[in-house]
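What follows is the residue order along each chain.
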Amino acid sequence: MALNKLSQHFMPIQQWWNFGVIALKLCTLNNAFSAGKISPSIKDYAHIVEQCIDTKDLRLGKLLHSRMLATGFNPEILLWNRLISFYLKCRSFEDARQVFDKMPQRNTCSWNVMISGCTKSGRIVDAHELFDKMGERDAISWNAMISGYAQNGYSRQSLKLFGDMQHRGVKANEFSFASALSSCGDLSAAQEGKQVHAYIVKTGFEFNSILLNAMVDMYSKCRNMESARQLFDNIRERDVISWTAMIAGYAQSGYGEEALKLFCRMRSQAMRPDAVVFSIVLSASANLAALGHGKQVHGYIVRSGTESDVFVASALVNMYAKCGSTMDASKVFGGMNERNVVSWNTMISGYAQNGHPKEALQLYEQMIQAGTKPNYVTFIGVLSACSHAGLVGEGCFYFNSMICDHCIPPRTDHYACMVDLYGRVGRLKEAEELINNMPFETDAVVWGALLGACRIHGNSELGRHAAEQLFRFEPKRAGPYKLLSNIYASAGRWDDVAKVRNEMKEKGVQKEPGYSWIEAGNKVHTFVREDRTHPQTEEIYTKLEELSGKMKATGYLPDVDFVLHDVEVEHKEKSLFYHSEKLAIAFGLISTPSEVPIRIMKNLRVCGDCHTAIKFISRIEKREIIVRDVNRFHHFEDGLCSCQDFW
C-alpha cells in the first residue's frame, strides 16, 4: 500500500522527466538546425513523435508540430499520419482534423487513422462523413466503421454496413464478423445472427476462438440457449469470456439454475471468475432467492479478493436484499469502502421492498449528506418506502423534492408509487386524479397500482375502469382479469365474475400457471398447485393436514370467496389448501432447521387465503416465513405480515 502511494506521488515527476528529455532532444535538433550544422531528418522527428504518442503529452506534441512548421520542414505522409494518430490519442479531434485537412497528399492509411480515431472518442457522424468521402476503401476502413457503429450503440447501422461490405466483395475478417455478431445480439436479431454464423463457416472462420465466443454471446442474447450451449461445448480451450457469455445467457434468459450449475463447473475446472462473472451469478441467485448459493458465491468473492469492487459489492447487497435478508445486505453495504449511486439505490430499495421504510428513508438522508447525487431510481425506492408505510405527507414531500430540488422529471414508476401510496390509505379519488393529471400518456404500471388498491378497498366501479385501461395495454395478460374477477367475487357479484371469465375465453386469454419455489440443500425445489411429483410428497401432505387442524383450532377459516361459487365448499377448501406456496412452505418446515427462516418465491401474486394462512402458520410453527411474490416481499412473523395486509 505504501509503495503504491509513493509511486502515485512521484508519477507527476516521472511525467515531467519524460517531457524534459523529449523537449531537450527537440531543442538540440532546433539549435543544430538554426546554426546550420545539421538538417533534422524525418527519422529524428518520427522518433520524437513516437515518444509523444507514448506519453500522450499534448503540450509537447504541439510544440513539436509548431517547430516543424516554423522551420519549413515538409514531412512525408507517414509522419503526417503519426501526427494525426498522436492528436487523436490525446483526444484532440480538432487538431487532428486540421492536420488531415492541410495534408498535401493522403493515402488510405491517412483516412483509416482519422476514421478509426473518430469512432473511438464517439464521433461516429464525423467518421461516416470521412468514410463517404474516401475514394478507395480497404477492409480496414470497412471494419473501422462497422465496429465503430457497433461500439457506439448503432447496431442496426453496423449490420447494414456489414451487408454493404459483402455486396461490394470486400472480404470480412474476424473483427468485422465479431462486430456483426455483437450487433445481432444487441438487436436480438436471431435470423441475421444465423446468417452471419453461416457466412463465418463458409469463409473458414468457424474455429476462430474470438468468433466462437462472439457466437455464444450472440445466441445467448437472442435467447437461443440450445445453439449457444452447442457452440460452447465445442470450444476446446474456453477462457473467461466463453464462460461469462454462457453463464450470462442462462441468467438473462431465466435459467438461473443452469447459470449456477455452470458457474460451479467453471470453478471445478480451475477457472478464475472475474468481477463480471460474480455479478452475473449473484444476480441469478437473487432472482431465484437462492440464499445458500448466494452465500457460497460470497465466499468465493472474499477468497478471490474482489469484494472491494464496487459493482460486485452492490451485486452482493442486491442478492441479499432480494433473498429477504436485509441484515446481510446491510452488513455488506456498511463494509463498502467505496459507494456509488447504484450502491445507495440498491440498499434503499432493499429496505423498502422488505418492509423497512424507516431505514430506507434514513439511508436516503445519509446518501444526500454523503454528497451522492440521487437519480430517478433513488426516488422509486424512496417513494416505495413511503407507500409501504402509508406515509402520504412524506411521499408528497419527496415527490416534489425530486422535481424542485434535484431537477428529476417524474416517470411513470414514480406516479405508480404515488398512486399506490394514495390507494393504500383508501384515497382512491386522489389516486385517480393523479393519473388523469399526468403530463404524459399513462401506462399499465399506474393503472395496475390503482386496480390493486380497488381490490383492497372493494371499489368495483373504479376497479372496472382501471381494468379496462389495463386491457388496452395488456390485452392477453390474465392478471388484470383475475383481479377484477376477485373484486366482483368479494362483493358477491357472481354474474359479473362469469362475464369476466367469458371475456377471457372470447379473447383467448390464458391464465399463467402459478408456481412457487424454495431453496433447500443447495437445490431449488419447485411446486405447482396440488403438486404430487415431489419425492417427499407424502410427508408434505401429511404436514399440511397437521397444519390444517392446528390452524382451524386457532381460528383460521379458509377464504373460499375467490373460488368458483358452483363448487362444493369442501372441495373449495382443499383446492385452496394445496396452493403452490403452501406446499413449498410445508416442504420447508420438514426439510430445514427450525431456527432458519423459510424463504419462498412465487411467480404470481399471493392470494388472499394463502396470505392469511401463512400468518397463522408463522405463529403456530414459531417460524419466520419470507415470501417474495410478483408484487413485493412479505415477512411473516408471529401472525403478522410486513405488508400490513396491502399488496
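Preceding this section is the structure that the text describes.
Along every chain, residues carry numbers that run from 1 in the direction the sequence is written. Under the rules for a predicted model, residues below a pLDDT of 70 receive no local features and side-chain atom pairs below 80 are neither given nor counted, while totals for whole chains, interfaces and linings still include all residues. Each side-chain value is derived from all of the structure's non-hydrogen atoms; neither hydrogens nor water enter the calculation.

Colleague: I'd like a rundown of the packing of helix α14 (residues 240-252) against helix α16 (residues 275-288), residues and numbers included.
Modeller: Their axes nearest at 10 Å, the elements α14 and α16 cross at an angle of 20°. In terms of orientation, α14 lies roughly parallel with respect to α16. Viewed along their axes, α14 and α16 form a crossing whose handedness is left-handed. Across the interface between the two elements, Val240, Thr244, Ile247, Ala248 and Ala251 from α14 touch Val276, Val277, Ile280, Val281 and Ala284 from α16. Each residue gets one of three labels, nonpolar for Ala, Val, Leu, Ile, Met, Phe, Trp, Tyr, Cys and Pro, charged for Asp, Glu, Lys and Arg, and polar for the others, Gly among them. Taken together, the residues of the contact of α14 with α16 sort by class into 9 nonpolar, 1 polar and no charged. The axes are straight lines fitted to the C-alpha atoms, using for helices just the contacting stretch, and the angles between their N-to-C directions are given from 0 to 180°. Only DSSP runs of H or I with at least four residues qualify as helices, and only runs of E with at least two residues qualify as strands; both kinds are numbered from the N terminus onward. Here the angle decides the label: under 35 degrees means roughly parallel, over 145 means roughly antiparallel, 65 to 115 means roughly perpendicular, and every other value means oblique. For a crossing to be left-handed, the near helix must be turned anticlockwise from the far one by less than a right angle; the clockwise case is right-handed. Residue contacts follow a heavy-atom distance rule, with two residues in contact if any of their heavy atoms lie within 4.5 Å.

Colleague: Kindly report on the packing of aromatic side chains, identifying the contributing residues and their values.
Modeller: Note on aromatic contacts: the rings of Phe and Tyr and the six-membered ring of Trp form a pair at centre separations within 6.5 Å, being stacked when their planes are under 30 degrees apart, edge-to-face when over 60 apart, and tilted otherwise. Applying the stated criterion to the full structure yields 22 aromatic pairs. For the ring pair Phe399 and Tyr415, a centre distance of 5.4 Å and an interplane angle of 70° mean the geometry is edge-to-face. Here the residue Phe399 occupies a position in helix α23 (residues 392-404), and Tyr415 occupies one in helix α24 (residues 412-424), the gap between them amounting to 16 residues. For the pair formed by Phe399 and Tyr415, the shared burial category is buried. Measuring from centroid to centroid gives 5.8 Å for Phe527 and Phe587, while their planes differ by 50°, and the two rings are tilted. Highlighted residues: Phe527 in strand β2 (residues 523-528) and Phe587 in helix α32 (residues 580-591), separated in sequence by 60 residues. In this structure an aromatic cluster arises from ring pairing among Phe162, Phe177, Tyr199 and Phe205. Only lysine NZ and arginine CZ atoms are considered, and such an atom sits over a ring when it is within 6 Å of the ring centre and within 35 degrees of the ring normal. Between Arg339 and the ring centre of Phe333, over which it is positioned, the NZ or CZ distance is 4.2 Å. Relative accessibility decides the category of a residue: with a 1.4 Å probe and only protein chains considered, values under 20% of the type maximum give buried, values over 50% give exposed, and everything between is partly exposed.

Colleague: Explain a positive patch on the surface to me, using residue names and the numbers behind them.
Modeller: Taken together, Lys56, Lys89, Arg91 and Lys120 make up a surface patch of like positive charges. The exposure class of Lys89 is partly exposed, given its relative accessible area of 47%. Surface patches are drawn from residues lacking salt bridges whose relative accessible area is over 30%; two like charges belong together within 9 Å, two nonpolar side chains (Val, Leu, Ile, Met, Phe, Trp, Tyr) within 5 Å. Where accessible areas are quoted, they stem from the Shrake-Rupley method and a 1.4 Å probe; at the residue level, only the protein chains shown are allowed to cover. Note on definitions: salt bridges are taken to be side-chain nitrogens of Lys or Arg within 4 Å of carboxyl oxygens of Asp or Glu. Counted as positive: Lys and Arg. Counted as negative: Asp and Glu, with His and the chain ends omitted from the count. To locate a charge, the coordinates of NZ of Lys, CZ of Arg, CG of Asp or CD of Glu are taken.

Colleague: Please set out unusual backbone geometry residue by residue, giving values where relevant.
Modeller: Phi is positive for Cys407, close to 55°, though the residue is something other than glycine. Relative to the helices and strands, Cys407 is located in the loop between α23 and α24. Look at Cys407 and you get exposed, because its relative accessible area is 63%. A positive phi angle, close to 50°, is found at Asp638, a residue other than glycine. Residue placement: Asp638 occurs in the loop between β5 (633-637) and β6 (640-641). For Asp638, a relative accessible area of 55% corresponds to the exposed category.

Colleague: How would you explain the sheet that holds β6 if you had to name every residue and give the values?
Modeller: In this scheme, strands are said to pair when DSSP sees at least two bridges between them. Ordered by their spatial adjacency, 6 strands build an open sheet running β2-β1-β3-β4-β5-β6, and the pairing between neighbours is mixed. Both outer strands of the open sheet, β2 and β6, are each paired with one neighbouring strand and no more. For strand β1 (residues 515-520) and strand β3 (residues 598-602), the ladder comprises 3 bridges, and the chain directions are antiparallel. Bridge pairing in β3 links Ser516 to Lys602.

Colleague: Break down the nonpolar core for me, citing the residues and quoting the values.
Modeller: What is meant by a nonpolar core is a set of buried Ala, Val, Leu, Ile, Met, Phe, Trp, Tyr and Cys residues, joined one to another through side-chain atoms within 4.5 Å. Ranked by size, the top nonpolar core spans 160 residues in total, and within it Met114, Ile247 and Leu450 carry the most contacts. When residues in this core are grouped by element, the largest group, 9 residues, is from helix α18 (residues 310-322). In this view, Leu450 contacts Val419, Leu428, Ala431, Ile435, Leu462 and Ala466; residues no more than four positions away in its chain are not counted. One finds Ile518, Tyr556, Ile585 and Ile614 within the second-largest nonpolar core, a separate group that totals 32 residues.

Colleague: I'd love a proper account of the environment of Met271, names of residues and values included.
Modeller: Mapping Met271 onto the fold places it in the loop between α15 (256-268) and α16. In the structure, Met271 is positioned 33 residues away from Arg238 in sequence and 9.2 Å away in space, judged by C-alpha atoms. Not counting residues up to four positions away in its chain, the partners in contact with Met271 are Arg238, Asp239, Val240, Trp243 and Met266.

Colleague: So what about empty space enclosed by the protein? Which residues, and what values?
Modeller: The distinction between a cavity and a pocket rests on a 1 Å grid over the protein atoms alone: a 1.4 Å probe fits inside a cavity but cannot get out, while a pocket stays open yet meets protein on both sides within 12 Å along at least five of seven lines, and a residue with an atom within 4 Å of a point counts as lining. Grid points are joined across faces, edges and corners, and a volume is the space filled by probe spheres set on the points. This model, assessed by the stated rule, comprises 3 cavities of 30 Å³ or more. In this structure, the largest cavity encloses a volume near 40 Å³. As for the largest cavity, its lining consists of Ala352, Gln353, Gly355, His388, Arg424, Arg632, Phe633, Ser642 and Cys643. Tallied by class, residues from the lining of the largest cavity come to 3 nonpolar, 4 polar and 2 charged.

Colleague: Account for the pattern of salt bridges, with residues named and values stated.
Modeller: Counted by the stated rule, this structure contains 25 salt bridges. With its nearest N and O atoms 3.0 Å apart, the salt bridge here joins Glu129 to Lys133. Of this pair, Glu129 and Lys133 are both found in helix α7 (residues 124-133), 4 residues apart, which corresponds to roughly one turn of the helix. Owing to a relative accessible area of 31%, Glu129 belongs among the partly exposed residues under this scheme. Each of Arg97, Asp101, Glu129 and Lys133 takes part in one network of salt bridges that share partners.

Colleague: Could you give an account of α32, with specific residues and numbers?
Modeller: Working rule for helices: expected span equals 1.5 Å times residues minus one. For α32, spanning 12 residues, the distance from its first C-alpha to its last is 16 Å, which sits close to the expected 16 Å at 1.5 Å a residue. Of all 12 residues in α32, 10 are buried; the element is thus mostly enclosed. Every buried residue of α32 is listed here: Ser580, Glu581, Lys582, Leu583, Ala584, Ile585, Ala586, Phe587, Gly588 and Leu589.

Colleague: Tell me about helix α19 (residues 326-334), and please be specific about residues and values.
Modeller: Inspection of α19 places Thr326, Asp328, Ala329, Val332 and Phe333 among the buried residues, and these make up the whole buried set. The buried side chains of α19 occupy one side of the element, clustering within an arc of 160° when seen end-on. For α19, the exposed residues lying more than 90 degrees away from the buried face are Met327, Lys331 and Gly334. Each element contacted by the buried residues of α19 is listed here: α17 (291-304), α18, α20 (341-353) and α21 (357-369). An arc is given here, and it is the one of the directions from the helix axis to the C-beta atoms.

Everything listed here is a matter of coordinates, which is why it stays silent on function.
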